[in-house]
Amino acid sequence: MRISNFIGGEWASTAEYISSVNPSTGEPYLEVPRSGENEVAAAVQAAKSAFPAWRSLRAEERADILDRIADGIDARLSEFAQMESDDQGKPVSLATSLDIPRAALNFRFFAGAIRHELSHAAPIDARTFSYVRREPIGVAGLISPWNLPLYLLTWKIAPALAYGNTCVAKPSEWTSGTAWLLAKVMKEAGLPAGVCNLVFGYGHEAGQALVEHEDVPLISFTGGTVTGRKIAETAAPRLKKLSLELGGKNPTIVFKDALEMFSVQELAKNVARSAFLNQGEICLCGSRLYVEETFYDEFSEALVREVKALTVGDPRDASSFMGPLVSSEHLAKVSSYIQHAKDTGLKILCGGERPTALPSSTGRDLSKGYFVQPTIVADVPESSRLQKEEVFGPVVTLSRFKSEDEVVALANSTRYGLSASLWTNSLSRAHGMAARLEAGTVWINGWMIRDLRMPFGGVKDSGLGREGQMDSLHFFTEPKTVCVRFGRQEK
Ligand code: NAD
């Protein structure tokens, strides 16, 4: 199947195409446009032309269109979920319950936000006051990664459009399919031509051209820290507004007193889910697990039991918890960390290999798919690559700690700071630690509970800026202060 760019409300072809592979079978299944400067220039021009009319619509009119896009996503739920799975490797069940509904929610949420938005005003004296207009910025450049393709792309498109900008979006070259489906939905929903344009292709070509383009004053990027740094280097001298959502190496911290609330099995189940959901390919996955020493043996036994029971198999099967990794390149990267653990004599508690049996009720040949077992490596030195670098796959480390001070220091001893999760029944410990952990989000007795009203982003190498209701408003608009005086000033 071949997909097209979506520029000015029309489908547009390119001279060359990238072959995108289905990671379950290792077979090519999608031809993705290989766009460059010309396609980006055409898309930016379309977005620029559409901007004056789009920004002039009443908020209510924009909100109605966003709601219709959400309805269109819901109506095609299974088509989206199937494609997301074929592109990315995630179980169809996960895409159906999480990725696609959350993508629809992104549109509904920002439609609601602009219906209820208020600006503020400040009286100066009886005849004078100031008020703030929040104005859209122009053509937003939106660049997204492959792990939660539609969900993260719509997390950018929805607020950009809601607040009156037009946009050019560039999804990951590995997972472009659902963005193309979204374009169909946007067309059906009556989004005016040129308001949202999709340009597919490689990051160093289409992505770079978008960041460099002089008519794109704002870039919202989600992806790896190395790419984020490169984008910052390109954007900074051009004085572009920039939001960077980058990598993570998130700690999960388990105290023994969590047993006052959960059974050991419940704790193990929750921690396993937060480590291995979506094959561990979520920037928020807990990849460094720290367990209180007095509870370590009991917990690690339960965790290993839980993880060994996770089914790795055909992502089209409802029973599969994990599918394949996204690509052969990524499998090679993740495998290199497992090899490093083996080469340095580290203790692998479970996993560490390709699964020997891959259950599939569809009868598909999965022998060339990019599967790997969920893997736990124990007692890894803090200086190890495994403890320091983002693997972004189903490989986690398990360590023990004695005290709060020690585990806070360990948790913070990374260049990343995206999220942390903490399991404890002690209120004072929970809030005390939340204050000390260096992270954009701290979950207490939970994980990946998202509230779109809250700021989302990371500290340190995990990013720059925040998105979320008010933060997205601030990012996707510029405030203008208008000072009004009625009549002549009395002497
Ligand atoms: P990546 O950085 O390789 O690519 C992300 C996007 O950037 C892709 O669309 C790619 O084509 C594009 N790109 C690459 N080079 C570019 C350039 N020079 N200019 C412009 N665009 C360019 O990341 P990835 O491998 O797709 O995604 C995995 C990474 O994303 C992980 O590090 C993960 O932690 C991170 N991530 C972060 C969050 C978050 O919210 N903080 C969420 C999801 C993923």
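Owing to the predicted nature of the structure, the values given are computational and were not obtained by experimental measurement.

(A) Focus on the environment of Val304. Relative to the helices and strands, Val304 resides in helix α10 (residues 293–308). Spatially, the C-alpha atoms of Val304 and Gly351 are 9.4 Å apart, while their sequence positions differ by 47 residues. Setting aside its immediate chain neighbours within four residues, Val304 contacts Leu349, Cys350 and Ile376.

(B) Spotlight on the environment of Trp155. Relative to the elements of secondary structure, Trp155 occurs in helix α5 (residues 149–162). Sequence separation between Trp155 and Ala104 is 51 residues; the distance between their C-alpha atoms is 9.7 Å. Those residues within four positions of Trp155 in sequence are excluded, and the remaining contacts are Asn106, Phe110, Arg450, Leu452, Phe456, Glu467 and Gly468.

(C) Here's a closer look at the sheet that holds strand β16 (residues 395–401). The sheet built from 7 strands is open, its strands ordered β14-β15-β16-β13-β12-β17-β18 with mixed pairing. Two strands in the sheet have a free side with no partner beyond their single neighbour: β14 (347–350) and β18 (441–444). When strand polarity is set aside, the average angle formed by the axes of neighbouring strands in this sheet is 25°. Along the sheet face, helix α14 (residues 427–436) touches β12 (250–254), β17 (419–423) and β18 and points at about 165° away from the line of β18.

(D) Spotlight on the site of the ligand. The immediate surroundings of the ligand are formed by 29 residues, with Trp146, Glu173, Thr227, Leu246 and Glu390 found nearest. Take Lys170: an N or O atom from its side chain is 2.9 Å from an oxygen atom of the ligand. Within the contact set of the ligand, a nitrogen atom lies 2.7 Å away from a backbone nitrogen or oxygen of Leu246. Starting from 850 Å² of accessible surface for the ligand in isolation, the protein chains cover 89%. Here the ligand occupies the largest pocket.

(E) How the structure looks around the domain arrangement of the protein chain. With domains assigned, the protein chain is organised as domain 1 (5–246 + 462–481) and domain 2 (250–444). Put simply, the middle of domain 1 and the middle of domain 2, counted by C-alpha atoms, are 30 Å apart. At the boundary of domain 1 with domain 2, total buried surface from both sides reaches about 2200 Å², with 54% on carbon and sulfur atoms. Together, Ser24, Trp146 and Ser462 form the three largest contributors to the area buried by domain 1 at its contact with domain 2, with a combined 23%.

(F) Spotlight on unusual backbone geometry. Its identity as a non-glycine residue notwithstanding, Asn278 has a phi of 60°, on the positive side. By the secondary structure assignment, Asn278 is in the loop between α9 (264–276) and β13 (286–292). Within the chain, Asn445 stands out as a residue other than glycine whose phi angle is a positive 55°.

(G) Inspection of the packing of aromatic side chains at higher detail. Throughout the structure, instances matching the rule amount to 13 aromatic pairs. Aromatic side chains Phe6 and Trp11 sit 5.0 Å apart centroid to centroid with 45° between the ring planes, which places their arrangement in the tilted category. Phe6 sits in the buried class, given a relative accessible area of 4%. In this structure an aromatic cluster arises from ring pairing among Phe109, Phe110, Trp155 and Tyr163. For Arg385, the ring lying beneath its charged end belongs to Tyr337, and the centroid distance is 4.3 Å. Above the ring of Tyr296, the side-chain terminus of Arg400 is found at 3.8 Å from the ring centroid.

(H) Looking closely at the pairing of β17. Where burial is concerned, most of β17 is hidden: 5 out of the 5 residues are buried. Burial along β17 is two-sided: the face carrying Ser419, Ser421 and Trp423 and the face carrying Ala420 and Leu422 are both buried. Sheet topology note: the β12/β17 ladder contains 3 bridges and is parallel. The residue bridging Thr252 from the neighbouring strand is Ser421, located in β17. With 4 bridges joining them, β17 and β18 adopt parallel strand pairing. Counterpart to Ser419 in the pairing with β18 is Thr441.

(I) Quick look at the packing of helix α4 (residues 92–115) against α5. In the contact formed by α4 and α5, the axes pass within 8 Å of each other and the chain directions differ by 10°. As judged from the angle between their axes, α4 and α5 are roughly parallel. When you trace α4 past α5, the crossing you get is right-handed. Residues Asp99, Ile100, Arg102, Ala103, Asn106, Phe107, Phe110 and Ile114 of α4 form the contact with α5, whose participating residues are Pro149, Leu150, Tyr151, Thr154, Trp155, Ile157, Ala158, Pro159 and Ala162. A per-class count over the contact of α4 with α5 returns 13 nonpolar, 2 polar and 2 charged.

(J) Highlighting the pattern of salt bridges. Here the structure, examined in full by the defined rule, presents 34 salt bridges. Measuring nitrogen to oxygen at the nearest pair gives 3.1 Å for the salt bridge that ties Lys480 to Glu135. In this pair, Lys480 sits in strand β20 (residues 477–485) while Glu135 sits in strand β6 (residues 128–136), placing the two residues 345 residues apart along the sequence. On the accessibility criterion, Lys480 (40% relative accessible area) is partly exposed. Taken together, the salt bridges that share partners define one network made up of Arg55, Arg133, Glu135 and Lys480.

(K) Seen up close, the nonpolar core. Judged by nonpolar contacts, the single largest core of 76 residues is most densely connected at Ile69, Ile157 and Leu182. Broken down by element, this core gets its largest block of residues, 13 residues, from α4. A domain split of this core shows at least three residues from each of domain 1 (5–246 + 462–481) and domain 2 (250–444). Dropping the residues within four chain positions of it, Ile157 is found in contact with Phe107, Leu142, Cys167, Ala169, Leu182 and Cys196. Grouped together as the second largest cluster of nonpolar side chains are 30 residues, Ala268, Ala272, Leu289 and Cys350 included.

(L) Broad picture of the packing of helix α13 (residues 404–412) against α14. Orientation of α13 relative to α14, taken along the N-to-C sense of each, is 35°, at an axis distance of 10 Å. Here α13 runs over α14; the crossing is right-handed. Where α13 approaches α14, its residues Glu404, Asp405, Val407, Val408 and Asn412 are matched on the opposing element by Arg429, Met433 and Arg436. Taken together, the residues that form the contact of α13 with α14 break down as 3 nonpolar, 1 polar and 4 charged.

The rules behind these values
Per-chain numbering applies: the sequence of each chain, read as written, is numbered from 1 onward. Where local features are concerned, this predicted model is filtered to residues with pLDDT of at least 70; where side-chain atom pairs are given and counted, the filter is 80 or more; whole-chain, interface and lining totals use all residues. Only hydrogens and water are removed before side-chain values are computed, so all heavy atoms of the structure are retained for them. Under the DSSP-based scheme used, a helix requires at least four consecutive residues in state H or I and a strand at least two consecutive residues in state E, with every element numbered from the N terminus. In what follows, a contact means two residues having at least one pair of non-hydrogen atoms within 4.5 Å. Pairing between strands is defined by DSSP: at least two bridges between them are needed. What counts as an axis is a line fitted to C-alpha atoms, over the stretch in contact for a helix, and the angles between N-to-C directions run from 0 to 180 degrees. Being near a molecule or strand, for a residue, comes down to having at least one heavy atom within 4 Å of it. Whenever a nitrogen or oxygen atom comes within 3.5 Å of another N or O atom, the pair is scored as a polar contact, on the condition that within protein one atom can donate a hydrogen and the other can accept it, and that pairs from neighbouring residues in sequence are kept only if both atoms are in side chains. The accessible surface values rely on the Shrake-Rupley method and a 1.4 Å probe; as for residues, cover is taken only from the protein chains in view. Detection works on a 1 Å grid of protein atoms alone, calling trapped sets that fit a 1.4 Å probe cavities and calling open sets with protein on both sides within 12 Å along at least five of seven lines pockets, with lining residues defined by an atom within 4 Å of a point. Pocket or cavity membership: a molecule qualifies when more than half of its atoms sit within 2 Å of the grid points of that site. Where each domain starts and ends comes from a domain assignment, either automatic or drawn from a database. The buried area of a pairing is the accessible area, by a 1.4 Å probe, that goes missing from both parts when the two are put together, added over both. Stacked, edge-to-face and tilted labels apply to pairs of Phe, Tyr and Trp rings (six-membered ring for Trp) whose centres lie within 6.5 Å, assigned for plane angles under 30 degrees, over 60, and everything in between, in that order. Exposed residues in this analysis have more than 50% of their type's maximum accessible area, buried residues have under 20%, and partly exposed residues fall in between, with area computed by a 1.4 Å probe over protein chains only. By definition here, charges over rings are those cases where NZ of Lys or CZ of Arg is within 6 Å of the ring centre and within 35 degrees of the ring normal. When describing relative orientation, an angle under 35 degrees is termed roughly parallel and one over 145 degrees roughly antiparallel, while 65 to 115 degrees is termed roughly perpendicular and anything else oblique. Left-handed describes a crossing whose near helix is turned anticlockwise from the far helix through less than a right angle; right-handed describes the clockwise counterpart. In the scheme used here, Gly and all other residues not listed as nonpolar or charged are polar, with Ala, Val, Leu, Ile, Met, Phe, Trp, Tyr, Cys and Pro taken as nonpolar and Asp, Glu, Lys and Arg as charged. One speaks of a salt bridge when a side-chain nitrogen belonging to Lys or Arg is within 4 Å of a carboxyl oxygen belonging to Asp or Glu. Residues enter a nonpolar core if they are buried and are Ala, Val, Leu, Ile, Met, Phe, Trp, Tyr or Cys, with the set joined through side-chain atoms within 4.5 Å.

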